[in-house]
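Here is what each chain is made of, one letter per residue.
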Amino acid sequence: MNGDCIFCKIVNGDIPSKKIYEDDEVIVFNDIHPIAPVHFLIVPKQHIESLASCDYSHEELLGKMLVLAPNLAMKHGLKGFRTMINTGSEGGQEVFHLHVHVFGGGTVLPKT
Ligand code: 5GP
Ligand code: ZN
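Residues numbered from 1 in each chain as written. Chains lettered and ligands numbered in written order. Predicted model: local features only at pLDDT ≥ 70, side-chain atom pairs only at ≥ 80, totals over all residues. Heavy atoms only, no water.

Focus: the nonpolar core
Val-26, Val-28, Phe-40, Ile-42, Met-65, Leu-68 and Val-102 are the most contacted members of the largest nonpolar core, which totals 17 residues. Breaking this core down by element, the ones donating at least two residues are β2 (26-30), β3 (38-44), α2 (59-75) and β5 (100-104). Ranked by the residues each element gives to this core, the list is headed by α2, at six residues. When neighbours within four sequence positions are excluded, Leu-68 is seen to be in contact with Tyr-21, Val-26, Val-28 and Ile-42. (Core = buried A, V, L, I, M, F, W, Y, C linked by side-chain atoms within 4.5 Å. Buried < 20%, exposed > 50% of the residue type's maximum accessible area, 1.4 Å probe, protein only. Helix = DSSP H or I, 4+ residues; strand = E, 2+ residues; numbered from the N terminus. Contact = heavy atoms within 4.5 Å.)

Some points on the coordination of the zinc ion (ligand 2)
Only Cys-5 (SG), Cys-8 (SG), His-47 (ND1) and His-97 (ND1) from the protein reach the zinc ion (ligand 2) as donors, at distances of 2.0 to 2.3 Å. Each donor residue of the zinc ion (ligand 2) belongs to the same chain, and together they define the spacing C-x2-C-x38-H-x49-H. Linking Cys-8 in helix α1 (residues 6-12) with His-47 in the loop between β3 and α2, this pair joins segments that are 39 residues apart in sequence. Among the residues examined, Cys-8 registers a relative accessible area of 1% and is labelled buried. (Donors = N, O, S within 2.8 Å, 3.2 Å for Na, K, Ca; no water.)

Some points on the pattern of salt bridges
If you walk through the whole model with that rule in mind, you get five salt bridges. Across the pair Glu-22 and Lys-45 runs a salt bridge, and its minimum N-O distance is 2.8 Å. Placement of Glu-22 in strand β1 (residues 19-22) and of Lys-45 in the loop between β3 and α2 is noted, with a sequence separation of 23 residues between them. Close ionic contact of Glu-25 with Lys-64 constitutes a salt bridge, the shortest N to O distance being 2.7 Å. Pair noted here: Glu-25 is in the loop between β1 and β2 and Lys-64 is in helix α2, with a separation of 39 residues, a long-range link. A residue is classified by how much of its surface remains accessible, and Glu-25, at 36% relative accessible area, is partly exposed. Taken together, the shared-partner salt bridges connect Asp-23, Asp-24, Glu-25 and Lys-64 into one network. (Salt bridge = Lys/Arg side-chain N within 4 Å of Asp/Glu carboxyl O.)

Here we look at α2
Over its 17 residues, α2 runs 25 Å from end to end, which matches the ideal 24 Å to within 8%, given 1.5 Å per residue. Among the residues of α2, those classed as buried are Leu-61, Met-65, Leu-68, Ala-69, Leu-72 and Ala-73. Buried residues along α2 sit against β1, β2, β3, β4 (82-84) and β5. Note on α2: the residue one or two positions beyond its end, Gly-77, has a positive phi of about 85 degrees. (Expected span 1.5 Å × (residues − 1).)

Observations regarding the sheet that holds β3
The antiparallel open sheet is built from five strands, whose spatial order is β1-β2-β3-β5-β4. Edge positions in the sheet fall to β1 and β4, since each of these pairs with one other strand and no more. Neighbouring strand axes in the sheet, compared pairwise and without regard to direction, differ in orientation by 20 degrees on average. Judged from the three bridges that link them, β4 and β5 form a sheet pairing that is antiparallel. Opposite Arg-82, over in β5, you have Phe-103 as the bridge partner. Its contacts with the sheet put α2 on β1, β2, β3, β4 and β5, and the angle it makes with β3 is roughly 160 degrees. (Pairing = 2+ DSSP bridges. Axes fitted to C-alpha atoms, helices over the stretch in contact; angles between N-to-C directions.)

Structure below.
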């Protein structure tokens with residue numbers, strides 16, 4: 001737990017979120033500023049700053065997060081979706097607690 005981290009506060013229940021899945025390692029909630037009709041974030045409960053902080057000890061957790069993406073996307077009626085992991089400020093990351101964006105719905109997403 002990182003006291004200054006907004007996603008740690010969501011994990012702890014100190015900040016409310018629209019939770020769509022939870023287990024002992026992972027929480028999934030809707031993005032507060034969705035960029036598509038369906039847009040959720042897959043977040044490890046453990047505070048990991050970014051994908052760049054991961055090593056082989058995180059293999060299982062990362063695998064679980066990726067397998068959850070199609071599972072939850074299909075449950076939300078998506079036939080296709082996009083995943084995005086922004087890493088570091090230069091990669092567009094704004095919240096420095098690892099998360100996988102999953103979004104889609106409506107129209108075919110642009111290539112970039
Ligand atoms: P990043 O740019 O770090 O990849 O994405 C951070 C995402 O977290 C953004 O899409 C932003 O809308 C979302 N976000 C930031 N603060 C909150 C919050 O308090 N609650 C929720 N549900 N999403 C948040
Ligand atoms: Zn955190």
